[in-house]
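These are the residues of each chain, in order.
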Amino acid sequence: MSNVFWHTKSQEEIENLLETSIEKGLTEEIVAKRLEEHGTNELDHQEGRSLWAMIVDQFKDFMVIILIVAALISGLLGEATDAIIILVIVLLNAFLGVIQENKAEESLAALKKMAAPHAKVRRNGRPGLIDASKLVPGDVVILETGDFVPADMRLIETSNLKIEEAALTGESVPVEKDHGLLEEDDIPLGDRINMAYSSSIVTYGRGIGIVVETGMSTQMGRIARMIQSEEGMKTPLQKRMESLGKLLALAALGICALIFIVGVLYGKDIFTMFFTSVSLAVAAIPEGLPAIVTIVLALGVQRMAKRNAIIRKLPAVETLGSATVICSDKTGTLTQNKMTVKQLYYNHEFKDASSGSHKVDDHLQLLMTTSILCNDTQIKDDSQGPKTIGDPTETALVDLGLNYGMDKRSMDNDFKRVYEIPFDSERKLMSTVHRVNSGFRVFTKGATDELLDRCNGILLNGKVEELTQEHIEDIKKANETMASKALRVLSMAYKDIDEIPSKESEGELENNLIFVGILGMIDPPREEAKEAVKLCKRAGIKPVMITGDHKITAVAIAKELGILEEGDEAVTGVEIEAMGDEELKERIRHISVYARVAPEHKVRIVKGWQKWGQIVAMTGDGVNDAPALKRADIGAAMGIVGTDVAKEAADMVLTDDNFSTVVAAVEEGRIIFSNILKSIQFLLSCNVGEIMLLFIATMLNWEAPLLPIHILWVNLVTDSLPALALGVDPAEKGIMDQRPRDPSRGIFDRALIAKILYQGVMVGLLALIAFVIGNRIDVTTGRTMSFAVLALSQLSHVFNVRSNTKSAFQVGFFTNKKLLGAVAFSALLQISVITLPSLSDIFKVKALGGQQWLIVAALSIAPLLIVEVIKAITRKI
């Protein structure tokens with residue numbers, strides 16, 4: 001992109017720089033040269049990674065590599081069943097990973113779809129329609145209502161031109177364009193009113209412009225380049241699981257080496273000791289953990305969908321639970337995306353605009369009649385009642401009338417419009433003439449200063465008086481008061497005339513008017529967003545507003561929502577531009593509102609927070625939001641008004657475009673992470689139990705109390721179902737009263753490690769006791785009893801991990817019926833393996849007698865009682 005500030009250049013300067021002419025345009029020869037020099041007016045599309053590359057990427061995870069090694073060793077040792085089970089789990093994870101892959105290519109594909117297919121141009125002095133991809137700098141383009149803007153252009157002629165730039169700036173209200181010169185270089189994108197940008201839409205009027213940038217040099221191309229260069233961030237869960245995998249792998253290798261050396265020193269067969277070491281390695285690694293985490297996340301996706309949040313990337317579920325900062329767009333997310341009249345001013349008094357707050361007198365009736373009749377809004381009925389369609393400012397006026405029982409459709413029939421002067425950006429007024437009784441009445445609305453210049457009377461207490469300087473000062477003061485509250489202000493006036501005006505008398509139509517009053521409107525905050533902001537702050541999450549709107553409006557809304565409080569700052573895009581990255585980083589924790597921002601500012605804001613180690617959630621709907629959505633730890637796109645580009649770049653789509661849904665998703669994320677921790681605590685304490693059992697037996701030179709197939713069975717079957725059921729455990733009370741988990745902390749803290757170790761030692765010792773008792777008869781009976789106690793004691797232990805502070809009896813055994821079902825089914829499977837001959841032969845176990853089963857039952861229930869005692873002691877300390 002060239003570094004020319006095109007909005008500061010005059011028509012003559014642009015024509016000279018681009019060697020073109022507004023009357024004739026370019027010649028075909030020059031177009032051909034420039035196409036060769038600048039390329040086509042299209043966005044570049046980087047080649048996506050191949051399917052094979054995506055698949056290979058899934059096998060780079062450390063834990064997955066260890067599992068593959070374990071499967072290969074099991075296969076080499078003749079344990080084909082073990083090897084197959086492990087490989088199936090690895091492949092399942094790889095399959096799910098590939099499905100979730102690669103959003104950048106889809107984002108760029110969606111960007112390309114937004115490009116205008118055709119453009120009306122003037123070449124060789126003649127107008128014509130060409131493929132928009134063939135536009136070059138210097139082309140003269142004609143814009144009309146409904147057109148997509150095909151490239152970035154400097155406007156040379158404008159006639160009531162309005163362009164919606166929501167995809168670029170995030171603001172849905174169309175921008176009034178003017179071809180006049182702008183002097184300052186660093187004007188925000190949304191304020192460059194003499195420019196039209198690629199992929200924006202002409203909503204009103206017409207204009208002519210000279211193309212100044214095409215393809216990847218346009219503002220849209222700039223965003224495309226940012227999407228390509230912005231790398232997606234690893235989620236906290238991915239980082240934690242990665243470190244957990246490395247830790248478990250190192251532990252497994254250490255245990256293998258120790259046991260192997262000890263066995264050889266005891267004089268045991270090297271091959272036998274190698275086999276035993278592998279058994280211990282298998283015991284150290286929770287083979288089912290990757291699959292369980294994936295499935296728990298998938299279950300979370302289903303629950304979030306019911307709360308209006310559709311998750312596109314599985315790990316994003318947990319990331320939400322770790323969020324420490326939520327950067328939210330204003331329009332439609334924190335606000336209703338619907339302009340609403342909030343305040344009225346007439347008779348030198350301010351009035352609340354809500355219906356029922358005051359009596360509708362003749363003066364108010366006239367004020368609203370003026371705003372409704374001097375208005376081009378359309379009304380259509382749908383299942384929810386009347387729906388207004390048109391310019392947001394005008395629809396707000398008609399909606400106010402509907403609230404007071406004044407329907408524009410019937411009023412248009414009663415007071416037929418016979419003449420009009422459309423809104424003009426130079427006059428800043430609109431006037432319509434209507435048949436009223438036996439005569440005609442002019443209704444005019446517009447900017448207060450311009451309207452006052454056309455008035456010589458004022459309506460006060462039901463009478464028309466002469467408009468004095470004192471009146472004017474009072475009205476201007478009221479206008480400033482409304483504007484200071486970030487209200488968009490329109491003034492109303494009228495006069496009666498005897499006949500329908502002609503073109504010749506049109507100039508006098510808007511003179512000698514009678515001032516009626518002022519209406520102030522704003523896009524109001526969502527009520528539920530206020531509660532969501534409170535919940536955010538209670539949960540230790542910082543809400544931040546980022547908007548393309550003006551600073552005064554952003555500050556007013558942010559204060560009403562509770563986002564901007566004492567000591568917080570509000571800054572503009574121009575101020576961000578002036579800051580270096582280090583200064584932004586230092587100030588960022590005190591800034592709560594960003595106004596008039598450009599796409600690259602949003603990315604810098606996200607990066608600034610991430611430099612402090614924060615987990616950033618970012619909401620957005622426009623193309624301008626896509627790079628920041630991709631860079632954020634969790635990108636949330638709007639489902640209703642969001643562009644395809646934003647949705648493809650995001651991790652999550654909000655189906656109701658509501659900030660409160662983001663907060664609900666954060667709560668769900670916290671519940672899911674809490675449940676994943678429960679599953680990890682359960683699985684690892686069980687694995688520690690297996691290691692303790694085998695380790696002690698080996699160190700004492702005993703027969704192995706478990707075979708590899710027993711360990712795999714417990715790890716993949718009897719453990720996995722309860723671990724999955726923990727994933728749907730109800731939320732513990734006060735989960736949103738806790739501060740976010742420190743992103744720099746791993747999965748383990750000292751308290752969790754202590755619990756895993758003591759609970760694992762407990763399970764291992766109970767299984768060892770069972771082996772010792774059974775081994776008095778024979779080694780197979782000892783292994784069978786040890787195998788049974790190991791599996792069944794873990795099933796009773798699962799109720800312990802549902803809360804690390806509350807008693808299992810206090811939490812309740814029936815609050816998670818899926819867990820009860822999983823425990824019952826796993827117990828049935830375990831008993832079947834021992835009692836059914838066809839299965840007991842495969843597992844090399846034998847049927848137990850009644851007394852042996854009583855011992856197994858007593859030892860299996862013991863974990864529940866032991867942990868209850870320890871919890872009770874801990875609560876008292």
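Here the structure is a predicted model, which means the values were calculated and not measured. (Residues numbered from 1 in each chain as written. Predicted model: local features only at pLDDT ≥ 70, side-chain atom pairs only at ≥ 80, totals over all residues. Heavy atoms only, no water.)

Caption draft 1: Summary view of the overall build of the chain. Counting its secondary structure elements, the chain contains 34 helices and 26 strands. Buried positions account for 56% of the 877 residues belonging to the chain. Partitioning the contacts of the chain with sequence separation of at least 6, the portion at a separation of at least 24 is 72%. (Helix = DSSP H or I, 4+ residues; strand = E, 2+ residues; numbered from the N terminus. Buried < 20%, exposed > 50% of the residue type's maximum accessible area, 1.4 Å probe, protein only. Contact = heavy atoms within 4.5 Å.)

Caption draft 2: Layout of the pattern of salt bridges. The final tally for this structure, using the stated rule, is 39 salt bridges. For R123, the salt bridge identified is with D139, shortest N-O distance 2.7 Å. Taken as a pair, R123 in strand β1 (residues 118-123) and D139 in the loop between β2 (126-131) and β3 (140-144) lie far apart in primary sequence, 16 residues in all. Each of the two residues, R123 as well as D139, counts as buried. Overlapping salt bridges, with partners in common, bring together R303, R307, E667 and E668 in one network. (Salt bridge = Lys/Arg side-chain N within 4 Å of Asp/Glu carboxyl O.)

Caption draft 3: Quick look at the confidence of the model for the chain. Looking at the chain, the pLDDT average stands at 85 and 89% of residues meet or exceed 70. The low-confidence segment residues 100-105, where pLDDT is below 50, has 25 contacts with residues more than four positions distant or belonging to other chains. Below a pLDDT of 50 lies the segment residues 111-116, which in the model reaches 18 contacts outside its immediate sequence neighbourhood of four places, other chains included. (pLDDT = per-residue confidence, 0-100.)

Caption draft 4: Representation of the sheet that holds strand β23 (residues 591-595). Strands sit in the order β8-β26-β25-β24-β9-β21-β23-β22 across an open sheet of 8 strands; the sheet is mixed. Each edge of the open sheet carries a strand with a single partner, namely β8 (309-311) and β22 (569-572). With direction set aside, neighbouring strand axes in the sheet form an average angle of 20°. Against the sheet, helix α23 (residues 599-610) makes contact with β9 (325-329), β21 (542-546), β23 and β24 (616-620), and its axis sits at roughly 165° relative to β24, the strand it touches most. (Pairing = 2+ DSSP bridges. Axes fitted to C-alpha atoms, helices over the stretch in contact; angles between N-to-C directions.)

Caption draft 5: Representation of the nonpolar core. Counting residues in each nonpolar core, the largest one holds 123 residues, and the members touching the most others are I326 and M545. At 18 residues, helix α26 (residues 659-699) tops the list of elements feeding residues into this core. One finds I210, L584, V606 and M618 within the second-largest nonpolar core, a separate group that totals 48 residues. (Core = buried A, V, L, I, M, F, W, Y, C linked by side-chain atoms within 4.5 Å.)

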